[in-house]
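# Structural features, examined
Given next are the chains, with one letter for each unit.
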Amino acid sequence: MIQYNSDVIIIAAGASGLSAAVAVAQKGLSVIVFEKNAITGGTANRGMGPLGIESRHTRSRLFKPTKDEAFKAFMDYTHWRVDAKLVRAFLNKSGDTIHWLESLGVEFVEPATYFTESYPTWHLVKPENGPPGPGGAATMMKILTQKALDLGVQILLESPVKSIIKEHEEICGVKAIDKEGNEITANAKAVIIATGGFGDSVSMVREYAGFEMGKDIFPFRIEGLAGDGIRMAWDVGAKSTEMSMELIFGMPDPLSIPPQLHEACRQPHLMVNLLGERFIDESVLPNVTFTANAITLQKDKTAFLIFDEAILRLMESDFDTRNRVFPFTNIANSEHIIKAYLDSKKGNFFVAESLEDLANQTGIDLAGLTQTIENYNQSCEKGYDELFNKSQKFLRPISKGKFYAARHFPSAYGSAGGIKINEKAEVIGQDWKPIKGLYASGTDACSIYGDSYPFIFPGTSMGFAINTGRIAAESISQYLNFDLD
Ligand SMILES: Cc1cc2nc3c(=O)[nH]c(=O)nc-3n(C[C@H](O)[C@H](O)[C@H](O)COP(=O)(O)OP(=O)(O)OC[C@H]3O[C@@H](n4cnc5c(N)ncnc54)[C@H](O)[C@@H]3O)c2cc1C
């Protein structure tokens, strides 16, 4: 048995754990971080950047929202079904956190929106190399890791924590396993849980979110996110919260699809379910969470985006909507891209000469599809969609083959919720009082979305992780009466 001692133990070195580690070490406390993976950074290595409200970047550009406007919009969006004090604490701190990250060496480009109606809260990290994009936030994780090490934080990789130790109603350490399989007992005065949720646990996604992984949901599955921290917190008496997935929609395995084709398949054309019926105003598609909600209500949680040859020709020169993650403006050279994708036999994209053939290949009900297209084409001719009042500029008939269909399902960036915390990131016990010495942050404790991820505030997920990491650090320094500031 190996033994360690430190003031604070942090379970995991993802976005939240690393932020907490740097912030705790800056207070002058000793820190050990246990990380299950062989590298630090967690899910955040895949992302683009966190939310910031009233950062110097948004203020200098006169960008909305202010902190007060953001709080009101957030609580209106969630219908006050979430912890208002926690939301307020997170939003109010988020601008300052952008400045704190900059003080550590992180650089940001101009704050971005996710889709037209969303706020420009998304502070995209300027990566070491190339433009901001998927994985750009890995640069921030690298900087946080180095800063933590510089401040004397001990980071133990490939060393998953297995349980939290509680004695006399106080948290006093953790038990872990190191990469050689040795058992570790680590003593500390406070522990922060930051293990990133349950997004890779088939059983927890089924039990707590109601989806069957690989069947009716195809999330980004970040290896190791198995709900460890949530279960360990429950084991020492933590209250649970609502648990769900941070839903988006898409074709399975999106990173294997050529990005131009991927974007072509998310344009606001005709969307139907397996019955061949429309169920959404396709103008809503850029809000990937709302679209996922609507798809979740359909048969087999399945939807198809349909277009014809004439629409494909239009997309060769311009897309209707743009996306900041894959900023392609058209699918020039579509024939080549589509052929290569079909040859790869990855599936979920279909090309047919006739509607019969399309129905055959996709399993969409032919009679339903034929009727829907007839009605839809009449709406296009009239310039008014009686069913859903879809924006007129996106009303284009589906007339002549070839016909194209992309199959979409709910997807998710990860999970949401599990451990109940208050606005100080203290873990709340069954008696509704903080469990002494126990803190949680990031996805494990992220129960502020209500029923839908608030994509009107892009960057919320990583922003919540980093900000609650910092908040936990500040609470601990108060709890331990230890503050160098
Ligand atoms: C493709 C993709 C893109 C994204 N882009 C964005 C974006 O641009 N903006 C945004 O706001 N959000 C984005 N997100 C979400 C964002 O990355 C997460 O919300 C954020 O990283 C959560 O931080 P966290 O610290 O809670 O968890 P993570 O960053 O996932 O870290 C959790 C860590 O816990 C470790 N761990 C698990 N169990 C144990 C254990 N028992 N012991 C020790 N360690 C353990 C894991 O190995 C992992 O390193 C994206 C997600 C994905 C998948």
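Residues numbered from 1 in each chain as written. Predicted model: local features only at pLDDT ≥ 70, side-chain atom pairs only at ≥ 80, totals over all residues.

## Things to note about the overall build of the protein chain
Secondary structure assignment for the protein chain yields 14 helices and 15 strands. For 485 residues, the compact-globule formula gives about 23 Å, and the C-alpha radius of gyration of the protein chain, at 24 Å, lands near that figure. Its C-alpha atoms give the protein chain principal-axis dimensions of about 70 × 50 × 40 Å. Classification of the 485 residues of the protein chain by burial places 51% in the buried group. (Helix = DSSP H or I, 4+ residues; strand = E, 2+ residues; numbered from the N terminus. Rg over C-alpha atoms; globule rule 2.2 N^0.38 Å. Buried ≥ 20, exposed ≤ 12 C-beta atoms within 10 Å, placed from the backbone.)

## Some details on unusual backbone geometry
What you tend to see is this: most non-glycine residues have negative phi, and most peptide bonds are trans. The linkage connecting K64 with the following residue, P65, adopts the cis geometry, with an omega of 5 degrees. Unusually for a residue other than glycine, E158 sits at a positive phi of about 50 degrees. Relative to the elements of secondary structure, E158 occurs in the loop between β4 (154–156) and β5 (161–167).

## With respect to the packing of helix α1 (residues 15–26) against helix α5 (residues 138–150)
In a packed pair of helices, the relevant descriptors are the angle between the two axes and the axis-to-axis distance. Interaxial distance between α1 and α5 falls to 9 Å at its minimum, and their mutual angle equals 35 degrees. Note on packing geometry: the crossing formed by α1 with α5 is left-handed. Along the contact surface, α1 presents L18, S19, A21, V22 and A25, while α5 presents M141, L144, T145, K147 and A148. Residue classes in the contact of α1 with α5 are distributed as 7 nonpolar, 2 polar and 1 charged. (Axes fitted to C-alpha atoms, helices over the stretch in contact; angles between N-to-C directions. Left-handed = near helix turned anticlockwise from the far one by under 90°. Contact = placed C-beta atoms within 7 Å. Nonpolar A, V, L, I, M, F, W, Y, C, P; charged D, E, K, R; others polar.)

## Notes on helix α6 (residues 202–209)
Turning to α6, its buried residues number three or more, namely M204, V205, Y208 and A209. The arc that holds the buried residues of α6, viewed along the axis, is 100 degrees, so those residues lie on one side. Pointing more than 90 degrees away from the buried face of α6 are the exposed residues S203 and E207. Of the surrounding secondary structure, the elements contacted by the buried residues of α6 are β9 (244–250) and β13 (403–416). (Arc of directions from axis to C-beta.)

## What to know about the site of the ligand
The environment of the ligand is made up of 39 residues, and the closest members are G14, G42, G47, G196 and G442. Mapped onto the shell around the ligand, the elements with two or more residues apiece are α1, β13 and α14 (460–479). When residues in the shell around the ligand are grouped by element, the largest group, 5 residues, is from α14. The residue makeup of the shell around the ligand, split by class, is 17 nonpolar, 18 polar and 4 charged. (Near = placed C-beta within 6 Å.)

## Quick word on the packing of helix α4 (residues 84–104) against α14
Axis separation between α4 and α14 bottoms out at 9 Å; the angle between their running directions is 90 degrees. Put simply, α4 runs roughly perpendicular to α14. When α4 is examined against α14, the residues A89, F90, K93, S94 and T97 are found in contact with a partner set consisting of G463, F464, I466, N467, T468, R470 and I471. Residue classes in the contact of α4 with α14 are distributed as 5 nonpolar, 5 polar and 2 charged. (Parallel < 35°, antiparallel > 145°, perpendicular 65-115°, else oblique.)

## Focus: the nonpolar core
Formed by 142 residues in total, the largest nonpolar core has its most connected members in I10, I11, A21, V191 and I192. Each of domain 1 (2–243 + 417–479) and domain 2 (248–411) gives at least three residues to this core. Non-local contacts of I10, meaning those with residues more than four positions away in its chain, are made with G17, A20, A21, V31, V33, I192 and A194. (Core = buried A, V, L, I, M, F, W, Y, C linked by C-beta atoms within 7 Å. Domains from an automatic or database assignment.)

## Describing the environment of P454
Examined against the element boundaries, P454 turns out to sit in the loop between β15 (434–440) and α14. In this structure P454 comes out as buried when scored by C-beta crowding, with 21 C-beta atoms within 10 Å. Along the primary structure P454 and F74 are separated by 380 residues, whereas in three dimensions their C-alpha atoms are 7.6 Å apart. Ignoring anything within four residues of it in the chain, the contact list for P454 reads F74, Y77, Y449 and T460.

## Points about the environment of I98
With respect to the secondary-structure elements, I98 resides in helix α4. I98 gets classed as buried once you count the C-beta atoms within 10 Å, which come to 27. Sequence-distant contacts of I98, that is, excluding residues within four places in its chain, are made with G52, S55, F108 and H123.

## Looking at the domain arrangement of the protein chain
Taken domain by domain, the protein chain consists of domain 1 (2–243 + 417–479) and domain 2 (248–411). On a C-alpha basis, the centres of domain 1 and domain 2 stand 35 Å from each other. Opposite the 14 residues of domain 1 that make contact, domain 2 presents 13 residues. Each residue belonging to the side of domain 1 that touches domain 2 can be placed in one class, and the counts come to 11 nonpolar, 2 polar and 1 charged.

## Some details on the environment of F403
Along the chain, F403 turns up in strand β13. In this structure, the C-alpha to C-alpha distance between F403 and V351, residues 52 residues apart in sequence, is 5.8 Å. If we ignore the near neighbours within four places in the chain, the residues touching F403 are I306, D308, A352, L355 and L358.

## Considerations on helix α11 (residues 334–344)
Here α11 lies mainly on the outside; 1 of its 11 residues are buried. Following α11 by one or two positions, K345 has its phi on the positive side, about 55 degrees.

## Some points on the pairing of β5
With 6 bridges joining them, β5 and strand β6 (residues 170–177) adopt antiparallel strand pairing. By the bridge assignment, I165 is partnered in β6 with G173. Taking the residues between adjacent antiparallel strands as the criterion, β5 and β6 are bridged by 2 residues, where H168 takes a positive phi near 50 degrees. (Pairing = 2+ DSSP bridges.)

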